[in-house]
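Commentary on secondary and tertiary structure
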Amino acid sequence: GLLGWYPLDPGVAGTVCVAIAQRANAAYSERLQRLNARYWLTVLVVWTGVIVITSIIIGTSLTTFLLGVAAPLLPACLDIGEQLRSSTQACADRRSMADDIEHAIRGTRDNPLNNEDLLVWQERLYSLRRSAPLVPDLIYERTRRKNEQAMNSAAAELRAAARTACDP
């Protein structure tokens, strides 16, 4: 299932084709990180809601709730909060990179796309991959088809824009 994953087009110049593949990678990962952040936020809100509602229903006093329920769960909530913050930052980093690549491909920046850009972006991709929080397999599997469709649609649009920019 990994063969032919990157949206390559032999009708587009090599540098542009690689840039489109890099942009596809960054955008695909950004979508995964955004969904990861949303899932963790949902888990945190639902978990907190269930705990508070259950405590109210069983008539837990405020002191018992704080010392017996909230305090022991605080480290887990902090971990989820950190996961949420990390996913949100990873999402923003990838969005920024995808936007940079798109501007270079469309020619809407001061300097034209060149081979050095590809090397810089590839290093950024590796760095982002090393520092990003892991996305659970469940999220990846449930969203793979939709993310690939979005990635291929955006790549087709960029290929068309690149062809238009190259045609006099």
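Residues numbered from 1 in each chain as written. Predicted model: local features only at pLDDT ≥ 70, side-chain atom pairs only at ≥ 80, totals over all residues. Heavy atoms only, no water.

1. Observations regarding the side chain of S87
Inspection of the secondary structure assignment puts S87 in helix α2 (residues 62–106). When sequence neighbours within four positions are dropped, the list of residues in contact with S87 reads Q33, N36, A37 and P133. (Helix = DSSP H or I, 4+ residues; strand = E, 2+ residues; numbered from the N terminus. Contact = heavy atoms within 4.5 Å.)

2. Details of helix α3 (residues 115–131)
For α3, spanning 17 residues, the distance from its first C-alpha to its last is 25 Å, which sits close to the expected 24 Å at 1.5 Å a residue. Considered for burial, the residues of α3 that qualify are D117, L118, W121, L125 and L128. Looking down the long axis of α3, one finds its buried residues gathered within 95° of arc, a one-sided arrangement. Seen from the open side of α3, the exposed residues pointing more than 90 degrees away from its buried face are E116, L119, R130 and S131. Along its buried surface, α3 packs onto α1 (14–57) and α2. (Expected span 1.5 Å × (residues − 1). Buried < 20%, exposed > 50% of the residue type's maximum accessible area, 1.4 Å probe, protein only. Arc of directions from axis to C-beta.)

3. With respect to the pattern of salt bridges
Pairs can form between side chains of opposite charge whenever their charged atoms are close. With the rule as written, the count across this model stands at 10 salt bridges. Two residues, R124 and D100, come together in a salt bridge whose shortest N-O distance is 3.1 Å. Taken as a pair, R124 in helix α3 and D100 in helix α2 lie far apart in primary sequence, 24 residues in all. For R106, the salt bridge identified is with E157, shortest N-O distance 2.7 Å. A residue pair is termed long-range when its members are at least 10 positions apart, and R106 in helix α2 and E157 in helix α4 (residues 137–166) qualify at 51 residues. Overall, the relative accessible area of 30% leaves R106 in the partly exposed class. Ionic contacts of the salt-bridge type, sharing partners, join the residues R23, E102, R106 and E157 into one network. (Salt bridge = Lys/Arg side-chain N within 4 Å of Asp/Glu carboxyl O.)

4. Focus on the environment of A92
Following the sequence through the fold, A92 ends up in helix α2. For the pair formed by A92 and A37, sequence separation is 55 residues and the distance between their alpha carbons is 11 Å.

5. Focus: the packing of α1 against α2
Viewed as axis vectors pointing N to C, α1 and α2 meet at an angle of 160°, and their least axial separation amounts to 8 Å. The angle between α1 and α2 falls in the class roughly antiparallel. Judged by the twist between their axes, the crossing of α1 over α2 is left-handed. In terms of residue class, the contact of α1 with α2 is made up of 26 nonpolar, eight polar and six charged. (Axes fitted to C-alpha atoms, helices over the stretch in contact; angles between N-to-C directions. Parallel < 35°, antiparallel > 145°, perpendicular 65-115°, else oblique. Left-handed = near helix turned anticlockwise from the far one by under 90°. Nonpolar A, V, L, I, M, F, W, Y, C, P; charged D, E, K, R; others polar.)

6. Re the confidence of the model for the chain
Averaged over the chain, the pLDDT score is 82; the fraction of residues at 70 or greater is 93%. Predicted confidence in the chain is weakest over α4, with a mean pLDDT of 81, and strongest over α3, with 87. (pLDDT = per-residue confidence, 0-100.)

7. Quick look at the nonpolar core
If you look at the biggest cluster of nonpolar residues, it comprises 18 residues, and the most contacted ones within it are V16, A19, M97, I105 and W121. When contributions to this core are tallied by element, the ones reaching two or more residues are α1, α2, α3 and α4. Ranked by the residues each element gives to this core, the list is headed by α2, at five residues. (Core = buried A, V, L, I, M, F, W, Y, C linked by side-chain atoms within 4.5 Å.)

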